[in-house]
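# Close look at the chain arrangement
In case you want the letters, here they are:
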Amino acid sequence: MRVEYAGSWCHYKDNIESNNLIMAHCAGEEDLIRPQNVLCATHLETFNGFLSEINSYNILDPVCSDEPPTSAMRSLRENPEEFISLPLSSIPDISCITAELLANYWGNHHLVKKALHVKEGTTERFHRCDFNVNSYYYTRSVPSTVPYHYSFITRGFRALVYSGDHDLRIPFLGTLEWIKSLNFSVLEPWRSWHAGGQVGGYTILFSNNLTFATVKGGSHVAPGKMPLECFAMFESFAMFERWISHESL
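This report concerns the structure included in the present document. (Residues numbered from 1 in each chain as written. Predicted model: local features only at pLDDT ≥ 70, side-chain atom pairs only at ≥ 80, totals over all residues. Heavy atoms only, no water.)

## Observations concerning the environment of T122
With respect to the helices, strands and loops of the structure, T122 is situated in the loop between α6 (110-115) and α7 (131-136). You can call T122 exposed: its relative accessible area is 55%. Only 2.7 Å separates the side chain of T122 from the backbone oxygen of K119, close enough to count as a polar contact. (Helix = DSSP H or I, 4+ residues; strand = E, 2+ residues; numbered from the N terminus. Buried < 20%, exposed > 50% of the residue type's maximum accessible area, 1.4 Å probe, protein only. Polar contact = N/O pair within 3.5 Å; in protein donor to acceptor, adjacent residues only side chain to side chain.)

## Details of helix α5 (residues 99-107)
Along α5, the residues classified as buried are L101, N104 and G107. Down the axis of α5, the buried set is contained in an arc of 130°. They therefore lie on one face. Seen from the buried face of α5, the exposed residues on the opposite side, beyond 90 degrees, are A99 and W106. For α5, the secondary structure elements touched by its buried residues are α6. (Arc of directions from axis to C-beta. Contact = heavy atoms within 4.5 Å.)

## Concerning the pairing of strand β3 (residues 198-206)
The pairing of strand β2 (residues 186-195) with β3 spans seven bridges and is antiparallel. The residue of β3 that forms the bridge with V186 is F206. One ladder, built from four bridges, connects β3 with strand β4 (residues 210-215); its direction is antiparallel. Following the sheet pairing, L205 is matched in β4 by T211. In textbook terms, the turn of a hairpin is the stretch between consecutive antiparallel strands, and for β3 and β4 this stretch comprises three residues, one of which, N208, has a positive phi near 65°. (Pairing = 2+ DSSP bridges.)

## What to know about the pattern of salt bridges
Between side chains of opposite charge, a pair can form as their charged atoms come close. Evaluation of the coordinates by the stated rule reveals one salt bridge. In this structure, E188 and R191 form a salt bridge, with 4.0 Å as the shortest nitrogen-oxygen distance. On the basis of relative accessible area, E188 is assigned to the partly exposed category, the value being 33%. (Salt bridge = Lys/Arg side-chain N within 4 Å of Asp/Glu carboxyl O.)

Dropping the structure here:
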């Protein structure tokens, strides 16, 4: 679904044709990381080249490195007057300063490693999300969790599934695809839902108390970008409050 989603917002003719080639030559491939079909691998390499230029967690955010700073980190306590009087030209670009980036800075600091008793040489560096662990060090024994979702939902458990619509890492089209595979009937068709007087996203209600919603402008971790629309479950924030109270979004 990453291919379809990327194609939906990239309208260049050549890219759309490239997406169609991927869909044609990669059909039936079980492992798109190591595809067996040569043409599939070739087209995926081109596609991944385009993706490498985009922040897949939020397609409108800048692409930022999560590498720890090369220069020694300093504390404001050292010489606060010096920091305050720095010329504007020497102030670093803060457009990439995010909670995720700061978590990587924190985890790789020598004092943090010492406090956590990380032995020198046992690991190269701390990653907040290390996808290589999943891809290369474990054998997946559960190919899909969809049957478990089906089992819980059909036994009476209510479910709210939501996705940020700017997430390319796990696009909402893919989430909607597995929901449709459950073959639940649609009780309420697509409509907008609102928060703070504005459209917060779009939602659809299926049988067996399954609600799916998109969060407009939401990233891979939707509450991180759109807290008003998503979070604070029992207070004044829209989606969870309404759902947990058995109200319509």
